[in-house]
Amino acid sequence: MDRAFQRTQILTNHLLQSSPSSPAQIPSLSSNACLNYSPPELSEGYAFDIKEMRQLLDGHHVADRDWLFGVMVQSKLFNPRVRGGKVFVSPDYNQSMEQQREMTWKRIVYLLERGVFKGWLTEKGEEAEMRRFAYFEVLGLFDHSIAIKLGVHYFLWGGAIQFFGTKHHHDKWLRDTENYLIKGCFAMTELGHGSNVRGIETVTTYDSNTGEFVINTSCESAQKYWIGGAANHATHTIVFSQLNINGTNQGVHAFIAQIRDAVGNVCPNIRIADCGHKIGLNGVDNGRIWFDNVRVPRENLLNSVADVSADGKYLSSIKDPDQRFAAFLAPLTAGRVNIAVSAVYQSKVGLAIAIRYALTRRAFSVKPNEPEVLLLDYPSHQRRLVPLLAKTYAMSFAANYLKMLYVKRTPQSNKTIHVFSSSFKAIFTWNNMQILQECREACGGQGLKTENRVGHLKGEHDVQSTFEGDNNILMQQVSKALFAEYVAAQKKNRAFQGLGLEHMNKPCPVIPSQLTSATLRCSQFQMDALCLRERDLLKRFVVDVSQHQAKGESKEHAFIMSYQLAEDLSRAFSDRAIFQKFVEAEATLAAGPLKDVLGMLRSLYALIYIEDVAFFRYGYLSVDNAAAVRREITKVCSELRPHALALVSSFGIPDAFLSPIAFNWIDANSWSSVQH
């Protein structure tokens, strides 16, 4: 208060041009020396090998990633501009929606000509799939629109043909799709039905006289909506529709339909409208489609799951309609894997920018006539950003596991892939929005500038929480899968196996009555605490659902009424599963500085979730232990502070893909830069 009063007195005297009564006591108002930018590399050392850390984080195809970064930086199509003596690339968001869409397409053509998409649909095997993941992650770092445009074409349209089609579909469509001779889109979502795919209202019948299917938009709520690529560029689409054969609805099936000719004219009996401007992703031409009794050949039914004979008989080796429907959702798994991984890389961009800025931006002096303090030297700023670093590292290791799980998929692993992809997609995208918001605020006013990326990335990636499965619904599916595992284990009197639930076979962990620093940093304690929460919530959830069922309620209604426990359980499962992948990654390292730093990050990740309100709500932590956890988080953040630059440098993101405030933000905003 004394200092505030003193400053007020100085300003008052200055404004009133009056002399202070006691000059000896009140210092004069004088100008400070101008701020100078000092690169953080001059004062921040690297205690570990950042190349080795990057290899651990990226996991695969590091050289291929760097090649693609170079391909983009070399072209003016990627909007290079000089700010503060450095070149940066990012889309020009001042362009109109139409211009952004056209630029997205031109960039795709440029990348196609340089062989970036070679083998994306025609090569098989782990190497080809993992290289495709690597390229897709790099492209998403530049622009979400280009990633979504490619994802719809290759992973949804192309993936549907791969998964649902048979050899003659593969031979006819895949190579032309890979080379963009055909431009595909994916018409599943409708105005009236998004997450509830089973309820879609588009109807297809079969005309045995002509050997054609007839696709019809039965009502306005059946119009296909948010179809990426439909508004401008797509020539063909996968149409998801109810299949009605001889008056019997056989459920949702997938058909290939042409919507434009080779020169871009909309086909007869097809109507297309634009979805219009969005809060982000304006480089993607989302459209709406109506089908007015559109006829397609019988062979355009993607028939790996079911078929219709020439004379109109419905044929399927999968007799159970539920299992048949589940088979039609397979392409969405690939989409969820891509979205989850993409969210991690956006978090890396946000954190790299915000932490580099916090290592060069100063605010306030602790004592008179002393330099102002670096933002990241404030414990409060560390508490805001460093835990997010731990989250991002944890998500990176979990994302690498998810990719390998998907690449090595078998029919037996489909359920596991579905549960983990649903869980990680939801958690990673929620985390990404939290991380970008905190990074935006941590950059102050500079975070508002589009050129500084962080704020704009929020709008671009907000959609990740609801497309390819609404996050809340995906997490409900996780809880239901865990419920089924628990009931099956109890009913068959067998041990838990799969989904990481083997810890349920062991004695229930006990949290010590008094938590010391050593205990809180012990990986076994951390795992025990997260497992305790998961197993207890699973038991509570099963009991709660069973009690509702005992009252005569259906299982579905019981799940709905137990939604709060379901939410807590799915998050507990996710936190434990992600932590488990962190521990496994750490275990691959020999003793040394890299492992030491990862150990601190692992502890921080565990502690921020042990601090979660659920540990207090369900009585796992006492008030004193909760306070001990909070103190330990502050300590770990402080210990990780000297490694902050090395940790974000390990992301391996080239300078050009960050933003001006990550570097010399004074020169980038100088008058000379305006003149230039």
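All values derive from a computational prediction rather than experimental measurement. (Residues numbered from 1 in each chain as written. Predicted model: local features only at pLDDT ≥ 70, side-chain atom pairs only at ≥ 80, totals over all residues. Heavy atoms only, no water.)

Concerning the pattern of salt bridges
Moving on, step 1. The full count for this structure, using the stated rule, is 43 salt bridges.
Moving on, step 2. Two residues, Lys408 and Glu126, come together in a salt bridge whose shortest N-O distance is 2.9 Å. One end of the pair, Lys408, is in the loop between α10 (379-407) and α11 (414-442); the other, Glu126, is in helix α5 (residues 126-142), with 282 residues separating them in the sequence.
Moving on, step 3. In the salt-bridge network here, residues are joined through shared partners; they are Arg54, Asp58, Arg65, Asp66, Glu137, Lys348 and Lys403. (Salt bridge = Lys/Arg side-chain N within 4 Å of Asp/Glu carboxyl O. Helix = DSSP H or I, 4+ residues; strand = E, 2+ residues; numbered from the N terminus.)

A few points about the side chain of Asn286
Moving on, step 1. Structurally, Asn286 is set in strand β10 (residues 286-291).
Moving on, step 2. Within the local environment of Asn286, its side chain forms a polar contact with the backbone oxygen of Trp226, the two atoms lying 3.2 Å apart.
Moving on, step 3. The contacts of Asn286, once residues within four sequence positions are left out, are Arg101, Trp226, Ile227, Gly228, Ala231, Asp274, Cys275 and Lys278. (Polar contact = N/O pair within 3.5 Å; in protein donor to acceptor, adjacent residues only side chain to side chain. Contact = heavy atoms within 4.5 Å.)

Comments concerning the packing of aromatic side chains
Moving on, step 1. For the structure shown, the criterion picks out 36 aromatic pairs.
Moving on, step 2. Consider the rings of Phe483 and Phe541, whose centres lie 5.9 Å apart with planes at 75 degrees: the pair is edge-to-face. In this pair, Phe483 sits in helix α13 (residues 471-492) while Phe541 sits in helix α15 (residues 523-550), placing the two residues 58 residues apart along the sequence.
Moving on, step 3. An aromatic cluster is present here, built from Trp105, Phe117, Trp120, Phe136, Tyr154, Phe155 and Tyr180 joined pairwise through their rings. (Phe/Tyr/Trp six-rings, centres within 6.5 Å; stacked < 30°, edge-to-face > 60°.)

Describing the UniProt feature "domain: Acyl-CoA oxidase/dehydrogenase middle" (unreviewed entry) in the protein chain
Moving on, step 1. Residues annotated in UniProt with the feature "domain: Acyl-CoA oxidase/dehydrogenase middle" (unreviewed entry) correspond here to residues 185-294.
Moving on, step 2. The annotated region residues 185-294 carries 0% helix and 46% strand content, and the separation between its end C-alpha atoms amounts to 17 Å. (UniProt positions renumbered as here; feature names shortened; annotations may be inferred.)

Focus on the sheet that holds β10
Moving on, step 1. Read from one edge to the other, the open sheet built from three strands follows the order β6-β10-β9, with strand pairing classed as antiparallel. A single partner strand is all that each edge strand has here, and the edge strands are β6 (224-228) and β9 (270-274). Recorded for the sheet is a direction-independent mean angle of 35 degrees between the axes of neighbouring strands.
Moving on, step 2. Strand direction decides the pairing type here: β6 and β10, joined by three bridges, are antiparallel. The residue of β10 that forms the bridge with Ile227 is Gly287. (Pairing = 2+ DSSP bridges. Axes fitted to C-alpha atoms, helices over the stretch in contact; angles between N-to-C directions.)

So, the UniProt feature "domain: Acyl-CoA oxidase C-alpha1" (unreviewed entry) in the protein chain
Moving on, step 1. UniProt's entry tags residues 332-482 with the feature "domain: Acyl-CoA oxidase C-alpha1" (unreviewed entry), counted in the numbering of this structure.
Moving on, step 2. Annotated as 70% helix and 3% strand, the span residues 332-482 places its first and last C-alpha atoms 21 Å apart.

As for α10
Moving on, step 1. Over its 29 residues, α10 extends 42 Å from the first C-alpha to the last, a length consistent with the 42 Å expected when each residue adds 1.5 Å.
Moving on, step 2. Counting buried positions over the 29 residues of α10 gives 23, a clear majority of the element. (Expected span 1.5 Å × (residues − 1). Buried < 20%, exposed > 50% of the residue type's maximum accessible area, 1.4 Å probe, protein only.)

As for the pairing of strand β8 (residues 248-258)
Moving on, step 1. Across nine bridges, strand β7 (residues 236-245) lies against β8 in antiparallel orientation. Considered in β8, the bridge of Ile238 is made with Ile256.
Moving on, step 2. In this structure, the hairpin formed by β7 and β8 is closed by a connection of two residues, where Asn246 is found at a positive phi of approximately 55 degrees.

Let's talk about the nonpolar core
Moving on, step 1. In terms of nonpolar packing, the biggest core is built from 207 residues, with Met72, Leu111, Ile238, Tyr393 and Phe428 touching the most fellow members.
Moving on, step 2. Looking at this core element by element, the count peaks at 16 residues for helix α9 (residues 330-358). (Core = buried A, V, L, I, M, F, W, Y, C linked by side-chain atoms within 4.5 Å.)

Re the environment of Pro91
Moving on, step 1. Positionally, Pro91 belongs in the loop between β2 (86-89) and α4 (97-113).
Moving on, step 2. Using a relative accessible area of 9% as the deciding quantity, one classes Pro91 as buried.
Moving on, step 3. Sequence spacing of Pro91 and Gln464 is 373 residues, and the spatial spacing of their C-alpha atoms is 19 Å.
Moving on, step 4. Apart from residues no more than four positions distant in its own chain, Pro91 is found in contact with Asn79, Arg107, Phe142 and Asp143.

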